[in-house]
Amino acid sequence: LLDHMMPYHAQELIGKAILQRACRAGTKSALQTAVAQVRELVFEMGSTTPFLTDEFQDTQWSITDRVVNGRPVWAATGGKWFMYHTSTNRTKISTEAGCTDGCDLSMCIYNVQVIADGAGAPTDLPSDKWLSLPSAMLEAQYPSSRRINRNGWIFVPELRIAAVHGLDDGDPTMAAALRQLTALA
């Protein structure tokens, strides 16, 4: 019943825990990153043109209580794919094996943009910097796609990420983090 009345309750609890950890850390960078992340507890991702397979086109992602390389992990509906930050400060999508190690194993999509401090939400990433392996794209798109190298990586045309649900400024935990962030400015 709670899931029906409050479908994002679990993600909100995770978001509040992220903000509380950032408040305890007390640094501007930790607070900025946490605020950005919890504004996107749930988001949708897909190419603006028919390009990605059904597994990735218009897929909903939810924040999890897992942390890889100091940042939260988002899981796609169905739990097969995970979005995480690697040790090289890039955002990647892979299976459980790659996510667990925080590396490039089983990776199929990634953003080439290196993530700076304070940028931690998926919508902070440039939409024109996503690359895909052929396994994540529609077969008909492959012949005309822009390739980056001989390894098969292809630019995804305008990958969009849109927030579905997140904590707003009126949430007491968010308000406390924002006050602390303002005091540091």
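My aim in this report is to walk through the structure given alongside it, one point at a time. (Residues numbered from 1 in each chain as written. Predicted model: local features only at pLDDT ≥ 70, side-chain atom pairs only at ≥ 80, totals over all residues. Heavy atoms only, no water.)

### So, the packing of helix α2 (residues 9-25) against helix α3 (residues 28-38)
- At a closest axis distance of 8 Å, the pairing of α2 and α3 adopts a crossing angle of 170 degrees. Taken together, α2 and α3 sit at an angle that is classed as roughly antiparallel. Residues G15, I18, L19, A22, C23 and A25 of α2 form the contact with α3, whose participating residues are A30, L31, A34, V35, Q37 and V38.
- Partitioned by chemical class, the residues of the contact of α2 with α3 number 10 nonpolar, 2 polar and no charged. (Axes fitted to C-alpha atoms, helices over the stretch in contact; angles between N-to-C directions. Helix = DSSP H or I, 4+ residues; strand = E, 2+ residues; numbered from the N terminus. Parallel < 35°, antiparallel > 145°, perpendicular 65-115°, else oblique. Contact = heavy atoms within 4.5 Å. Nonpolar A, V, L, I, M, F, W, Y, C, P; charged D, E, K, R; others polar.)

### Notes on the sheet that holds strand β9 (residues 159-165)
- Spatially, the 9 strands line up as an open sheet ordered β8-β7-β6-β5-β4-β3-β2-β1-β9, and their pairing is antiparallel. The sheet terminates laterally at β8 (154-155) and β9, the two strands that pair on one side only.
- Where strand β2 (residues 59-68) meets strand β3 (residues 71-76), 5 bridges bridge the pair, whose relative direction is antiparallel. Its bridge partner lying in β3, I63 is registered against W74. (Pairing = 2+ DSSP bridges.)

### A closer look at the layout of surface pockets
- Put simply, the largest pocket is a space of about 270 Å³.
- Lining the largest pocket are 14 residues, with I18, A30, T33, Q37 and G70 positioned closest to its centre.
- Listed by contribution, the elements that provide at least two residues to the lining of the largest pocket are α2, α3 and β3.
- A class-by-class count of the residues in the lining of the largest pocket yields 7 nonpolar, 4 polar and 3 charged. (1 Å grid on protein atoms, 1.4 Å probe; cavity = no way out; pocket = protein on both sides within 12 Å on 5 of 7 lines; lining within 4 Å. Points joined across faces, edges and corners; volume = space filled by probe spheres on them.)

### Examining the packing of α3 against helix α5 (residues 172-184)
- Packing of α3 against α5 leaves a shortest axis separation of 10 Å and a crossing angle of 145 degrees. In this structure, the crossing between α3 and α5 has a hand that is left-handed. Touching K28, L31, Q32, V35 and V38 of α3 are M174, A177, L178, Q180, L181 and L184, all from α5.
- The class makeup of the residues in the contact of α3 with α5 is 8 nonpolar, 2 polar and 1 charged. (Left-handed = near helix turned anticlockwise from the far one by under 90°.)

### Let's talk about the pairing of β3
- Within β3, 6 of the 6 residues are buried, which leaves it mostly tucked inside the rest of the structure.
- Between β2 and β3, which pair antiparallel in sequence order, lie 2 residues; one of them, N69, sits at a positive phi of approximately 55 degrees.
- Once β3 ends, the chain turns through 5 residues before running back antiparallel as strand β4 (residues 82-85), passing G78 with a positive phi of about 105 degrees. (Buried < 20%, exposed > 50% of the residue type's maximum accessible area, 1.4 Å probe, protein only.)

### A look at the side chain of S62
- Tracing the backbone shows S62 in strand β2.
- Every residue in contact with S62, bar those within four places of it in the chain, is listed here: Q11, L41, V42, V73, W74 and A75.

### Here's the deal with the pattern of salt bridges
- If you walk through the whole model with that rule in mind, you get 5 salt bridges.
- Put simply, E55 and K80 hold a salt bridge, and the shortest N to O gap is 3.2 Å. Here E55, found in the loop between β1 (42-47) and β2, pairs with K80, found in the loop between β3 and β4; they are 25 residues apart in sequence, far enough to count as distant.
- On the accessibility criterion, E55 (37% relative accessible area) is partly exposed.
- K80 sits in the partly exposed class, given a relative accessible area of 47%. (Salt bridge = Lys/Arg side-chain N within 4 Å of Asp/Glu carboxyl O.)

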